[in-house]
Each structure stands twice: as structure tokens, then as C-alpha cells.
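# Survey of secondary and tertiary structure
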Amino acid sequence: MENTESKIPWSLTSSIDADEIEKRRKKIPLSCLINSLNRINFKNGDILFKFKHKKYNNFLTLNAKPQTCNKTTLECLWSEPFRMGTRLKFYELEYFSFTDGLSQIQVHARLIDYNDQVLIVELPECSYEIKLRAVKRHPCTEVSAQISQDGGVITGSLINFCAESFAVECCTASTEVNFAMNQAAPAHVVLIRNKEFLFSGKCTIVRQEKHPNTSILVFKPEKDNIRRMKSKEHRTERLVLSPLPTLIFQHPLTQKKILLGLNDISGLGFSVEEDCENSVLLPGLIIPEAEIEFFQGFSIFCRAQALYRISSEDVVRCGMMILDMNIQDHIKLASLIHKAKNRHSYIGCTNVDLNALWDFFFDSGFVYPEKYMHIAKQKDKFIQ
């Protein structure tokens, strides 16, 4: 349980200087703090207590689980039971803290009592929220990472990510880690869950933290956009539908359900808008199964990939490409888009007008020259 300040999880640390942190401090009243602590209790989460040695000024950080709270006294259970002995009598409590991925809450509480199982503190009238980053960071589990650089390969686990960067933890005790990553050179990173590739791209190493048994590498993709196909002279027309459809998917890195509004759509892709602080679409990220809900009871499903993200004030616009979609869902999409372009046209899902369908395929760019070269010799079979 005992560790030094350098062992605090990366999600809780920041490279922001002291003056900048002071500018970002915001007072949090006791009532809001109690609500936050009860939310952490509801999710069985941890808070981090930071102790300072009375003589040598070194630090001790310990995790604890807050119990239900409705007054100024907070009782916590140690996350990992251990023999306290007389260790803490040489330390004084600096504060306890927790984070929501975007900001850190620091609480300068007064230590009342403790033993091997529990810790009791008195909460202050106000605490401080410090905004650590511009984009919220999300914890991840069960996502493996393969990192290659200059012919060497190491593996690790994705521990958290945001739409601009992500962190990978590698076990330095493993025999496979036999070379040091060169922070000045780019690395190629592949993220995988259940043998399915979710991301692959060249990344810059933002930071590298070395601990006794592990190493944490922070990566940032080199590009804010990727190109899956050659540039076309005439871009596929994107249409704005009314009412606006909703994109629904389980995020492949966090496994959380995400709902985003669609700005526009074509037969090949679509775009969505996200709040800057809570953006979750990393350029290059593959969404194995996404649902596009046009209205209650009418949806289509596809496999998609985030191609780019463009920031504008407090909004991020993300472009998505449709990688795969079954034929029935594609006919549904064709029908809606063709109807939006021409209210006198109609492509049904059962009684299909094949001429109208093929007109749409060519107009939308779904059948592009290279693809048509493969089917031209058998076009009679497709027309039947």
C-alpha cells in the first residue's frame, strides 16, 4: 500500500505549473462535495489520501473507499486492508482527492481517527476543483496494446484515453521489454479488444513514466485525420435530414453507451458533433457496431471508423466512414437519402425499384470507378 508521490496514477497527475493551477481553482461547497462522495460510493470507487511526513517531508499516498455521507464527518474503508501499526503517527494529512477525468477535487479535511480498517475525517465547508485538462479522460479495461518502434515490439494495456491522447501501461518486469522507447521518435500503436483491431496508427510519445515494475507511456496520434480512400474529384453529397438521426454505439474502449446527433449523412459516411470536453472519438478508432436511429422504431446498423475531428469553439465535428453494412440496411439508407434529395422518388425495402437503386449507388459514390471495373463484366446479372 505504501508508495511515493511519483506512483500516483497518471490520470491524477498533471504537468500544469502552480500558477496555472491556481487560476483554475474553483470553490466547491460542502453540499456538492457530499453528493460527489456519495456518487463515488455508489460506483464503489476510490479516493486518494495524501500524507506528508512531519520530519522528512516525503509523501505517502493511500486509496480508500468513501462510505455513505450526509454530514461533515466522512468514514472511509481502506481499499486494501493492511497493518497500520504506528506508521501514520509520523505523517499528517495534506488532503484527499478524486477526479472525474477532467478535473481534480482537492479536499483539505481534518483527520479525526484511523485504524487498520477505517479512516475518519471531518469535511471542510468548501473544497477546490482544479481543471487539469481540456478534454475528459476516460478509464479503460480489457484493451491490449502493441507498440512497435525501430523493429522492437512491446505489449501493454490501455489504462485511459481521451479524444486527443491515450495512456498504455507496460510491465517492465517482463522479459519482452528489452529496449527503451525513444521518446523523440514516433511509434506505431495497435489497440485490440477480444482479438478485434480497434485502432492502428503512428503516434508521438508525449510522456514516459517509469516505476519499479511498470512503465506508463502516453501517446498522441500524429494526425487529426486519416485517409481510407483516394481523394475524389467530386465529393459525395452529404444531406441534412429532419429530424436529425442519432448515432448510438457501445464505445469499444470504455464499453459505455454513447449517443451523438448526426449532422449529415451520405451513402458512404456521416458526421457528428461532440462537446469538446467530453469528446470520445479518436481519429482512426473503429466502431464495430453502430446504430443510426432515424426515429423511434427505425434504425440501421453498420461498422464505422472515425476519420477526422475538427475543433470549433466548444464543439468538435467528427467525420465517420461506413466500413460495412448489410444490404437490407443499405437499401433503407438509400431510400431515405434518395427521398431527401427528390421527394418524388422512392426506393422501398421490399418492392425495390432497381433502376432507382442503381442510380443512387452511382450518384452517391457507393459504386466508384475502381469498384465498377470489377462488376462491369457481370452487369447483366446485377440488373436482373
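Here the structure is shown first, and the text comes after it.
Residues numbered from 1 in each chain as written. Predicted model: local features only at pLDDT ≥ 70, side-chain atom pairs only at ≥ 80, totals over all residues. Heavy atoms only, no water.

The subject of this paragraph is the pattern of salt bridges. In a structure, side chains of opposite charge can pair up when their charged atoms sit close to one another. Throughout the structure, instances matching the rule amount to 8 salt bridges. Put simply, glutamate 122 and arginine 110 hold a salt bridge, and the shortest N to O gap is 2.6 Å. With glutamate 122 in strand β8 (residues 118-122) and arginine 110 in strand β7 (residues 110-114), this pair connects stretches of sequence that are 12 residues apart. Judged by its relative accessible area of 30%, glutamate 122 is partly exposed. When the shortest N-O distance is used, the salt bridge between arginine 193 and glutamate 142 registers 3.5 Å. Here arginine 193 is found in strand β14 (residues 187-193), whereas its partner glutamate 142 is found in the loop between β10 (138-139) and β11 (144-149), with 51 residues between them in sequence. Looking at glutamate 142, the relative accessible area reads 65%, which means it is exposed. (Salt bridge = Lys/Arg side-chain N within 4 Å of Asp/Glu carboxyl O. Helix = DSSP H or I, 4+ residues; strand = E, 2+ residues; numbered from the N terminus. Buried < 20%, exposed > 50% of the residue type's maximum accessible area, 1.4 Å probe, protein only.)

Right, let's get into the packing of aromatic side chains. Throughout the structure, instances matching the rule amount to 6 aromatic pairs. Measuring from ring centre to ring centre gives 5.2 Å for phenylalanine 49 and phenylalanine 96, while their planes differ by 45°; the resulting arrangement is tilted. With phenylalanine 49 in strand β2 (residues 47-53) and phenylalanine 96 in strand β5 (residues 91-99), the pair connects residues that are 47 residues apart, well separated along the chain. Note on phenylalanine 49: relative accessible area 0%, which makes it buried. Seen from their ring centres, phenylalanine 295 and phenylalanine 298 are 5.2 Å apart, and the 15° between their planes marks the pair as stacked. For phenylalanine 295, a relative accessible area of 48% puts it in the partly exposed group. Between lysine 50 and the ring centre of phenylalanine 59, over which it is positioned, the NZ or CZ distance is 4.3 Å. (Phe/Tyr/Trp six-rings, centres within 6.5 Å; stacked < 30°, edge-to-face > 60°. Lys NZ or Arg CZ within 6 Å of the ring centre and 35° of its normal.)

Attention now moves to helix α2 (residues 30-42). Between its first and last C-alpha atoms α2 spans 18 Å; for 13 residues at 1.5 Å apiece the expected length is 18 Å, and the two agree. Taken together, the buried positions of α2 are Leu30, Leu33, Ile34, Ser36, Leu37 and Ile40. Buried residues along α2 cover an arc of 160° about the axis, so they all sit on one side. Seen from the buried face of α2, the exposed residues on the opposite side, beyond 90 degrees, are Asn35 and Phe42. Asparagine 44 sits one or two residues past α2 and shows a positive phi near 55°. (Expected span 1.5 Å × (residues − 1). Arc of directions from axis to C-beta.)

For soluble globular proteins, nonpolar side chains are generally found buried alongside one another. One finds Ile147, Phe166, Phe219, Phe270 and Leu281 to be the most contacted residues of the largest nonpolar core, which totals 52 residues. The leading source of residues in this core is strand β21 (residues 298-312), at 5 residues. Not counting chain neighbours up to four residues away, the residues in contact with phenylalanine 270 comprise Arg238, Leu247, Leu262, Asp264, Ile265, Ile292, Cys302, Ala304, Cys318, Gly319, Met320 and Ile322. Among the nonpolar cores identified, the runner-up in size contains 26 residues, and Leu30, Leu33, Leu88 and Leu93 belong to it. (Core = buried A, V, L, I, M, F, W, Y, C linked by side-chain atoms within 4.5 Å. Contact = heavy atoms within 4.5 Å.)

Further remarks concern the environment of glutamate 313. Among the secondary structure elements, glutamate 313 is positioned in the loop between β21 and β22 (315-324). According to the relative accessible area criterion, glutamate 313 is exposed, its value standing at 78%. Sequence spacing of glutamate 313 and cysteine 276 is 37 residues, and the spatial spacing of their C-alpha atoms is 8.2 Å.

With that settled, the discussion passes to the state of the cysteines. Enumeration over the complete set of coordinates arrives at 0 disulfides. Its sulfur unpaired, cysteine 69 is 8.7 Å from the next cysteine sulfur, which belongs to cysteine 76. Cysteine 171 supplies the cysteine sulfur nearest to cysteine 170, a cysteine that is in no disulfide, at a spacing of 8.9 Å. (Disulfide = S-S within 2.5 Å.)

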